[in-house]
Protein chains: 2
Amino acid sequence: MSWSFSIGSISGIRIRIHLTFALFFIWIGAAFWNEGGMAAMANGLAYILLLFLCVVLHEFGHILTARRFGSQTLDVVLLPIGGVARMKCIPEKPGQELAVALAGPGVNLVIAAVLFILLGSQTIMQDVAQPAKNVSLLSQLAVANIALAVFNLVPAFPMDGGRALRACLSYRMDRAAATKLATRIGHILAFGFGLFGFVSGYPLLMLVALFVFMGASAENNSTQLHQLARRLRVSDAMITQFSTLPVTSRIADAVALLIHSTQHDIPIVDGVGKPIGLLTRARLLRALHDLGADGQVADVMRTDVPTVSDRAELEDALRLMDEENFPAVMVADQRGHLIGMVTLENLDQMLLLARLQPRE
Amino acid sequence: MSWSFSIGSISGIRIRIHLTFALFFIWIGAAFWNEGGMAAMANGLAYILLLFLCVVLHEFGHILTARRFGSQTLDVVLLPIGGVARMKCIPEKPGQELAVALAGPGVNLVIAAVLFILLGSQTIMQDVAQPAKNVSLLSQLAVANIALAVFNLVPAFPMDGGRALRACLSYRMDRAAATKLATRIGHILAFGFGLFGFVSGYPLLMLVALFVFMGASAENNSTQLHQLARRLRVSDAMITQFSTLPVTSRIADAVALLIHSTQHDIPIVDGVGKPIGLLTRARLLRALHDLGADGQVADVMRTDVPTVSDRAELEDALRLMDEENFPAVMVADQRGHLIGMVTLENLDQMLLLARLQPRE
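All residue numbers here refer to positions counted from 1 along the written sequence of the relevant chain. Written order determines the labels here, with chains lettered from A and ligands numbered from 1. Given that this is a predicted model, residues contribute local features only at a pLDDT of at least 70 and side-chain atom pairs are listed and counted only at 80 or more, while totals for whole chains, interfaces and linings are drawn from all residues. Only hydrogens and water are set aside; all other atoms, that is, all heavy atoms of the structure, feed into the side-chain values.

Caption draft 1: Region of interest: the overall build of chain A. Going along the chain from the N terminus, every DSSP run of H or I of four or more residues is numbered as a helix, and every run of E of two or more is numbered as a strand. Secondary structure assignment for chain A yields 12 helices and 10 strands. In terms of overall dimensions, chain A has C-alpha extents of about 80 × 50 × 40 Å along its principal axes. Relative accessibility under 20% of the residue-type maximum defines a buried residue, over 50% an exposed one, and the middle range a partly exposed one, all with a 1.4 Å probe and only protein chains included. Taking all 360 residues of chain A together, the buried fraction comes to 46%. Should any heavy atoms of two residues lie within 4.5 Å, those residues are considered in contact. A sequence separation of at least 24 residues applies to 61% of the contacts in chain A between residues at least 6 apart. To be clear on the numbers: accessible area is Shrake-Rupley with a 1.4 Å probe, and residue cover counts the displayed protein chains and nothing else. Carbon and sulfur atoms provide 62% of the accessible area of chain A, an area that totals close to 17,800 Å².

Given below as structure tokens:
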């Protein structure tokens with residue numbers, strides 16, 4: 001189940017709205033309605049829409065800059081706490097990463113500058129001093145864009161300012177070390193956000209804190225994993241102790257295997273042991289519900305999961321899983337027989353082990 | 001690492017304070033200090049201490065009632081959102097469960113009644129109408145105890161009112177079905193708490209909502225699992241596809257097994273295949289850090305993990321794991337040779353599969 005739905009696309013990049021953002025939108029509408037009826041609600045929603053248009057433009061600041069450096073973008077998701085562009089292979093050169101990170105807040109500053117010129121800075125300054133409901137929409141928007149730029153530049157990785165910080169640190173140390181340091185700073189700032197949000201009663205700030213905290217950990221993990229994978233081959237990391245099922249098996253056979261083993265993904269093989277599909281636990285559970293125990297695994301297995309050589313570089317396998325969202329890759333020997341599996345869960349575990357054993 | 005520390009024991013039951021509660025206490029102290037200096041802080045902290053004494057008495061209401069029905073209590077943990085008594089084999093008879101659930105709020109009502117008699121209800125009523133800082137400590141406490149009783153009686157499983165609800169439902173349906181229904185009601189109420197806390201800016205209520213939501217799910221899961229386990233033997237649920245290591249192995253061997261398999265717990269066996277210990281992943285990680293790859297598994301394995309017969313009832317194995325906090329049990333045949341393992345993770349998965357396949 002996906003928590004976001006598409007609302008269209010701009011130059012090939014899909015814009016998606018997260019369910020929580022839709023609820024947030026309704027909530028804001030209701031709050032304005034409560035305060036001043038229909039007119040206030042229309043005004044309030046128009047403001048929020050314009051604000052999120054600015055957020056989308058901010059994301060496109062990142063996206064178009066990244067595209068210049070050869071990076072593709074999958075989509076943009078709008079959350080109540082901002083927008084997130086999911087990119088494929090974010091540029092890793094410090095200068096390029098810095099440009100991509102700063103392009104987003106840069107867009108907001110440009111929008112604010114244009115509004116300041118159009119409205120005149122005096123008008124805006126006078127507006128800001130008035131109670132909120134007398135202020136013109138565009139004045140509010142100008143101020144909000146400055147706030148957006150400033151807030152995003154807080155050096156809390158993985159926010160824009162934190163990415164810029166990592167890029168700057170990368171000039172002086174390797175990328176993994178720079179990410180680790182930026183992550184630590186991000187964690188401290190997130191903790192500060194959370195505490196401030198809690199004490200002052202800003203639940204949204206607490207959400208941002210959680211998002212920053214978990215985001216920093218996830219990105220740090222991913223960076224360290226790629227760093228580790230660069231030095232290894234698939235055979236160093238693959239699971240070799242696992243069971244397979246023949247393609248003629250029933251769902252019941254897969255259920256028995258799931259119960260009596262510790263495996264979550266079951267490779268499906270043909271008569272001579274060549275891989276032809278992968279039955280993930282999620283698929284198996286759905287199939288059990290939909291087809292019952294007598295269904296055929298051949299009807300529900302994923303057939304798009306790639307097979308790689310055991311002598312391939314681990315980094316390449318990891319990249320495949322990351323970018324194409326594969327839960328695992330299967331590993332075959334030169335004759336095409338299945339000899340292993342690489343899963344994200346096991347790679348994470350390997351990273352944990354590698355961290356504890358620095359002298360290897 | 002444990003997040004709570006002991007502050008003493010009453011009639012053999014250890015009282016523990018959770019770290020977050022200690023932080024909460026400091027925060028409250030600082031807030032009172034800010035508001036009215038030293039005197040306000042002393043007064044505020046005295047109030048909080050008395051209030052949490054009432055919370056402890058509330059828990060002992062549950063504990064002493066449960067003890068009459070033969071149930072043991074492990075300890076009481078104080079959290080910022082209240083106290084939790086961890087009991088061994090909570091009575092399952094509806095009448096007994098109802099009595100245990102109501103005894104806690106009952107204690108608060110008794111405390112309130114005693115204070116009303118001591119102070120006179122008129123004094124308390126007059127006090128309540130005044131601004132908070134003029135109200136006597138004991139008046140505040142009387143009102144707080146009523147609030148505690150009422151709040152705990154909200155029928156949001158696993159709060160006291162929710163437990164009472166389950167007990168009442170258990171008169172009319174089986175315990176698993178009653179738990180399921182109580183859990184659903186608990187989830188809905190928790191969602192309501194959370195939304196209200198978010199909209200009105202009460203972060204503590206959002207924490208309570210999270211606690212109720214996750215608590216309801218966890219207890220429901222546990223109840224359904226026990227229900228399922230009653231119909232099965234250990235052999236129906238045990239993992240049979242796993243690897244073992246000889247007791248002479250090094251940490252490095254265990255690390256290799258962890259990387260190249262999907263197993264998290266490694267049984268350690270003697271020369272003829274009889275189980276003598278279990279190396280859990282947590283222990284292995286700690287050992288790798290402390291001893292390095294050359295350490296011996298024999299020095300770090302758990303030797304207290306029990307071995308059961310494959311023909312034992314699954315319910316008995318589950319009870320062992322639950323009550324003694326074993327991560328797994330090992331399974332041996334009649335000659336004492338290791339033939340399987342039962343882990344909580346796999347049992348949870350079995351429950352998931354059983355739910356999807358009601359016609360089995």
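Here the narrative resumes, following the displayed structure.
Caption draft 2: Here's a closer look at the relation of the copies chain A and chain B. A residue counts toward the fit only if its pLDDT is at least 70 in both copies, and the copies are then superposed by least squares on the C-alpha atoms of those residues. Aligned on chain B, chain A shows an RMSD of 0.1 Å; the corresponding rotation is 180° and the shift along the axis is 0.1 Å. The relationship between the two copies is best expressed as a two-fold rotation axis. Counting the interface residues of chain A, we find that 100% of their copies in chain B are interface residues as well, pointing to one common contact surface.

Caption draft 3: The pattern of salt bridges, seen in detail. By salt bridge we mean one thing: a side-chain nitrogen of Lys or Arg within 4 Å of a carboxyl oxygen of Asp or Glu. Scanning the entire structure with this criterion turns up 16 salt bridges over all chains. Note that Glu97(B) and Arg166(B) form a salt bridge whose closest N and O atoms lie 2.6 Å from each other. On the criterion of sequence distance, the pair formed by Glu97(B) in helix H2 (residues 94–119) and Arg166(B) in helix H5 (residues 160–170) is long-range, its members being 69 residues apart. Taking relative accessible area as the criterion, Arg166(B) reaches 1% and is therefore assigned buried. For the salt bridge of Glu315(B) with Arg230(B), the shortest nitrogen-to-oxygen distance reads 3.8 Å. Placement of the pair is Glu315(B) in helix H11 (residues 314–324) and Arg230(B) in the loop between helix H7 (203–229) and helix H8 (234–237), with a sequence separation of 85 residues. Within this structure, Glu97(A), Arg166(A) and Arg175(A) form a network of salt bridges that share partners.

Caption draft 4: Region of the structure containing the interface of chain A and chain B. Contact residues are listed per partner, giving 38 residues for chain A and 38 residues for chain B. Defined here as a combined quantity, buried area equals the accessible surface (1.4 Å probe) lost by two parts on assembly, summed across both. Between chain A and chain B the total buried area reaches about 3,600 Å² when both faces are included, carbon and sulfur atoms providing 63% of it. Seen at the junction of chain A and chain B, the total is 0 salt bridges. N or O atoms closer than or at 3.5 Å make up a polar contact, with two conditions inside protein: a donor-capable atom paired with an acceptor-capable one, and, for residues adjacent in sequence, both atoms drawn from side chains. On inspection of chain A and its partner chain B, the count reaches 18 residue pairs in polar contact (both at pLDDT 80 or more). If you list the elements that add at least two residues to the side of chain A that touches chain B, you get helix H6 (175–200), helix H7 (203–229), helix H8 (234–237), helix H9 (251–260), helix H10 (281–291) and helix H12 (344–356) of chain A. Take the side of chain A that touches chain B: its biggest share by element is 7 residues, from H12(A). Its residues assigned to classes, the side of chain A that touches chain B comprises 20 nonpolar, 14 polar and 4 charged. In this classification, the charged set is Asp, Glu, Lys and Arg, the nonpolar set is Ala, Val, Leu, Ile, Met, Phe, Trp, Tyr, Cys and Pro, and all remaining amino acids, among them Gly, are polar.

Caption draft 5: Here's a closer look at the domain arrangement of chain A. Residue and element names in this part refer to chain A. What marks off one domain from the next here is an automatic or database domain assignment. One can read the domain layout of chain A as domain 1 (4–229) and domain 2 (234–356). Computed from C-alpha atoms alone, the centre-to-centre distance between domain 1 and domain 2 is 37 Å. Contact with domain 2 buries surface across domain 1, with Leu-225, His-226 and Ala-229 losing the most and accounting together for 47% of the total. Inspection of the region where domain 1 meets domain 2 yields 0 salt bridges. Viewed at the interface, domain 2 and domain 1 are joined by 4 residue pairs in polar contact (both at pLDDT 80 or more). The biggest single contributor to the side of domain 1 that touches domain 2 is H7, with 8 residues. By residue class, the composition of the side of domain 1 that touches domain 2 is 4 nonpolar, 5 polar and 2 charged.

Caption draft 6: Broad picture of unusual backbone geometry. All names here are of chain A. In this model, Phe-157 is joined to Pro-158 through a cis peptide bond whose omega is 10°. Position of Pro-158 among the secondary structure elements: in the loop between helix H4 (137–152) and helix H5 (160–170). You will see that Ser-11, though not glycine, has its phi angle at about 40°, which is positive. Tracing the chain through its elements places Ser-11 in the loop between strand E1 (4–10) and strand E2 (13–18). You can call Ser-11 partly exposed: its relative accessible area is 47%.

Caption draft 7: Focus on the environment of Val77(B). Residue and element names in this part refer to chain B. Checked against the element boundaries, Val-77 lands in strand E3 (residues 73–79). Taking the relative accessible area as the measure of exposure, Val-77 reaches 13% and is therefore buried. Taking C-alpha positions, Val-77 is 25 Å from Phe-191, a pair spaced 114 residues apart along the chain. The contacts of Val-77, once residues within four sequence positions are left out, are Ser-4, Arg-16, His-18, Gly-82, Gly-83 and Val-84.

Caption draft 8: Focus on the sheet that holds strand E8 (residues 307–309) of chain A. All names here are of chain A. A strand pair is defined by DSSP finding two or more bridges across the two strands. Taken together, 3 strands build an open sheet; the order of strands is E8-E9-E10 and the sheet is mixed. In this open sheet, the two edge strands, each paired with only one partner strand, are E8 and strand E10 (338–343). Within the sheet, the average angular offset between the axes of one strand and its neighbour, ignoring direction, is 35°. The pairing of strand E9 (residues 328–332) with E10 spans 5 bridges and is antiparallel. Bridge pairing in E10 links Met-330 to Met-341. All axes are obtained by fitting lines to C-alpha atoms, using only the stretch in contact for helices, and the reported angles, taken between N-to-C directions, cover 0 to 180 degrees.

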